[in-house]
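Inside the fold
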Protein chains: 4
Amino acid sequence: MEALSDGVMGFAMTLPVVSIAVHPPGTPIQQLLRAWPSLLAYVLSFMTIGAAWIAHSALTDRFERTDSIFLRLNLLTLLVVVFLPFPTGLVADALRSTEGEREAVTLYGLTLLAIRLMGFALVAYARHENLYPPDAGDEELKRAQQYPLPVVIGYVVALLIGLAWPTAAVVVYFGIAVILVVPFRAVAHVVFGHA
Amino acid sequence: MEALSDGVMGFAMTLPVVSIAVHPPGTPIQQLLRAWPSLLAYVLSFMTIGAAWIAHSALTDRFERTDSIFLRLNLLTLLVVVFLPFPTGLVADALRSTEGEREAVTLYGLTLLAIRLMGFALVAYARHENLYPPDAGDEELKRAQQYPLPVVIGYVVALLIGLAWPTAAVVVYFGIAVILVVPFRAVAHVVFGHA
Amino acid sequence: MEALSDGVMGFAMTLPVVSIAVHPPGTPIQQLLRAWPSLLAYVLSFMTIGAAWIAHSALTDRFERTDSIFLRLNLLTLLVVVFLPFPTGLVADALRSTEGEREAVTLYGLTLLAIRLMGFALVAYARHENLYPPDAGDEELKRAQQYPLPVVIGYVVALLIGLAWPTAAVVVYFGIAVILVVPFRAVAHVVFGHA
Amino acid sequence: MEALSDGVMGFAMTLPVVSIAVHPPGTPIQQLLRAWPSLLAYVLSFMTIGAAWIAHSALTDRFERTDSIFLRLNLLTLLVVVFLPFPTGLVADALRSTEGEREAVTLYGLTLLAIRLMGFALVAYARHENLYPPDAGDEELKRAQQYPLPVVIGYVVALLIGLAWPTAAVVVYFGIAVILVVPFRAVAHVVFGHA
């Protein structure tokens, strides 16, 4: 299951690059300027799926066994994850033309929310069926299981913001992704020393 | 073998998303409306290959060893699985224009049938050559081995329906995929409680 | 190394399907007729890379350890494998128009030959550096190591045939791929019984 | 983590082939001539990501454990790796038209430099957090950790060269990739014998 999940998530993470790699004629600077909404959308999707993947493997790495129901819940989660490039492309288009931005950003947010809710279902099922070995009650697992709640709240807030100011919602989604992925403590450590 | 199978199946599952991700101009709502046959075809293919993958890994996870003949049977199975995006695209086109729908749906059904028949061959060979360890006769494996028969019957019925009412056959294929993938018992459990 | 090799080979195997999945308008039957050179080229590439992958994993599955030189030889092998979709597309185009068929088929054959020669280099290096554990001298490994020679001879013969009759060479390449991938003994077994 | 990294890197390595596989009409010889900048850029990217992957797995293969901060640093590294096909395409276009070559080559070089600097961060973090088991201080690991410095110096030199002579910088990047990937000692061994 791990290998398929990793492969499908990796593919979904890198898929939006295809739309960047195929570029119209122009000087490199012009192309960069023209491609920035796609680039932003690519970075956003990559970090969002990456954060979901970190949460996902924090859960499944400790599994002692799995069953066919978990495999199917997992498959449905992947189905939603792989759908993400579609609203990602819509957001990139809307950033370019500002037309239909609200619908695009709302669909994007609903997809993110659905991914996280599937994550809740996976955690709930794994706990209920005791898929973890008895000694898996460590700190990191607990954090991985409790973490989704603030993220879900953040997504709901961004969804509501997006109904009024779609561009602001994109900034919030970006901020959530940065908070989830960039290891600030490690960066601070490197910059400010070993204190 | 697992890694290649997982990679190839994951790729085949996500490939139809490429055709959704590249979308013509229009507002997001218009694009969603225009893309719905591709979306439906994507969900259908994802769930169908996903179900085949669950069946496949239920078989091979318990292998003690493998041999070069099984590897080759497996390769031929993947060849058919990876072909699925072609009839999937045909069905999506036919849903859009209703032209040539019968041929598209029939080719789609024949491909699904071929995938399941290859699954039969894999099971038969693995049993005949004793690729399973002696203690692998557990409940889930037996279910995995007996399960394909109702699915094959369902596909044959859908094929025959498709000759007369192609759209109805798409509904049947969708229903079979939903039955195979959605863990109804787990959903009922969540909705109706722990009874 | 296994995971990257499997991923890259799986990707190279399934890549030609992308060109089939994107199809011009027309009824399904017309599209099938128009797509047959791409379909044939897809099946040919899938089986050829699949055969190379079987040979490759027969070698590396038994490795006790690996070193950075083997990793790099392996990377160069993958470089040639991943190049295959390019001549595959050329052959598909040439089958359609019969123009420039000889060059396309020759480039295809040279790529196949290069893949197999890289396989020789991998085997030679692994033997010289004793990457196998002492007890890995089993029958199947020996067969995997001796097998490439008839294949290489077959490819050279097909290359020469292709200079005069390009279409005949495609038939020969197809025949070699079928012989390498289809487990005839198992099929005969099923058809003629357990004798 | 290994599986996702391998999958994403493998995908990024093979992605530029997509742009080669889709080719305009013309005889195979004409297509080869027209495709050479893409082919060169493909080989360059494949070998560069391949070298980064060898360095990456030399580090992580010996890990005893990993933590969520390393996973996130790794994700950011992959983000930069997967960006590489974009400047690769720009360089291929610039080789074709010689217009905007300096910007394209500079962006390419900055991306390569960023990949290697992320590699430094991964090594530094893994050392600081003692992710290696105590007995992992072997020769090959030490070499893998010290190796990036000459590569980084080479990339900086190539960047400076590229500001004045962009084409020369492409040659230098190609040379660095060849030095990193081609196992010259093994080749010399084969050519000049066992001395």
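Small disclaimer: the values here were computed from a predicted structure and weren't measured.

Another point: the overall build of chain A. Counting its regular elements, chain A contains nine helices and zero strands. Reading chain A from its N end, one meets helices and strands in the order α-α-α-α-α-α-α-α-α. Within chain A, buried positions represent 45% of all 195 residues. A separation threshold of at least 6 residues defines the contact pool for chain A, and within that pool the share at least 24 residues apart is 81%.

Along the polypeptide, Leu163(A) turns up in helix 7 (residues 148-164). In this structure, Leu163(A) is in contact with Arg102(A) and Thr106(A), ignoring residues within four places of it in sequence.

Let's shift gears to the interface of chain D and chain C. Tallying the contact residues gives 29 residues for chain D and 28 residues for chain C. Those elements that provide at least two residues to the side of chain D that touches chain C are helix 1 (2-21), helix 2 (28-60) and helix 9 (184-192) of chain D. When residues in the side of chain D that touches chain C are grouped by element, the largest group, 12 residues, is from helix 1 of chain D. Along the lines of polarity and charge, the residues of the side of chain D that touches chain C split into 18 nonpolar, seven polar and four charged.

Core analysis: the biggest nonpolar cluster contains 207 residues, and Ala12(A), Val82(A), Ala12(B), Val82(B), Ala12(C), Val82(C) and Ala12(D) have the highest contact counts within it. Beyond its immediate chain neighbours, meaning those up to four positions away, Ala12(D) contacts Thr14(A), Ile49(D), Val81(D), Val82(D), Leu84(D) and Pro85(D).

It takes a turn of 90° to lay chain D on chain C, together with a shift of 0.0 Å along the axis; the resulting RMSD is 0.0 Å. Seen this way, the second copy is the image of the first under a four-fold rotation axis. It is Gly7(D) whose C-alpha, among those of chain D, lies nearest the rotation axis, at 4.2 Å. The overlap is low: 10% of the interface residues of chain D also sit at the interface in chain C, so different surfaces are used on the two sides.

All names here are of chain D. Here Ala169 lies in helix 8 (residues 166-181). In this structure the C-alpha to C-alpha distance between Ala169 and Arg102, which are 67 residues apart in sequence, comes to 9.4 Å. Each residue touching Ala169, except ones within four places of it in the same chain, is listed here: Val105, Gly109, Ala158, Ile161 and Gly162.

On to the confidence of the model for chain A, then. Averaged over every residue, the pLDDT of chain A is 78; residues scoring 70 or more account for 76%. Prediction confidence for the complex, expressed as pTM and ipTM, is 0.81 and 0.79 respectively.

Bringing the packing of helix 2 (residues 28-60) of chain A against helix 3 (residues 68-83) of chain D into the picture now. Two numbers describe how helix 2 of chain A lies on helix 3 of chain D: the axes approach to 10 Å, and their chain directions differ by 150°. Two packed elements cross with a definite hand, and for helix 2 of chain A against helix 3 of chain D that hand is right-handed. Of the residues in helix 3 of chain D, those touching helix 2 of chain A at Val43(A), Phe46(A), Gly50(A), Ile54(A) and Ala58(A) are Ser68(D), Leu71(D), Arg72(D), Leu75(D), Leu79(D) and Val82(D). Looking at the contact of helix 2 of chain A with helix 3 of chain D residue by residue, the class counts come to eight nonpolar, two polar and one charged.

Criteria and thresholds
- Residues numbered from 1 in each chain as written.
- Chains lettered and ligands numbered in written order.
- Predicted model: local features only at pLDDT ≥ 70, side-chain atom pairs only at ≥ 80, totals over all residues.
- Helix = DSSP H or I, 4+ residues; strand = E, 2+ residues; numbered from the N terminus.
- Buried ≥ 20, exposed ≤ 12 C-beta atoms within 10 Å, placed from the backbone.
- Contact = placed C-beta atoms within 7 Å.
- Nonpolar A, V, L, I, M, F, W, Y, C, P; charged D, E, K, R; others polar.
- Core = buried A, V, L, I, M, F, W, Y, C linked by C-beta atoms within 7 Å.
- Least-squares fit on C-alpha atoms with pLDDT ≥ 70 in both.
- pLDDT = per-residue confidence, 0-100.
- Axes fitted to C-alpha atoms, helices over the stretch in contact; angles between N-to-C directions.
- Left-handed = near helix turned anticlockwise from the far one by under 90°.

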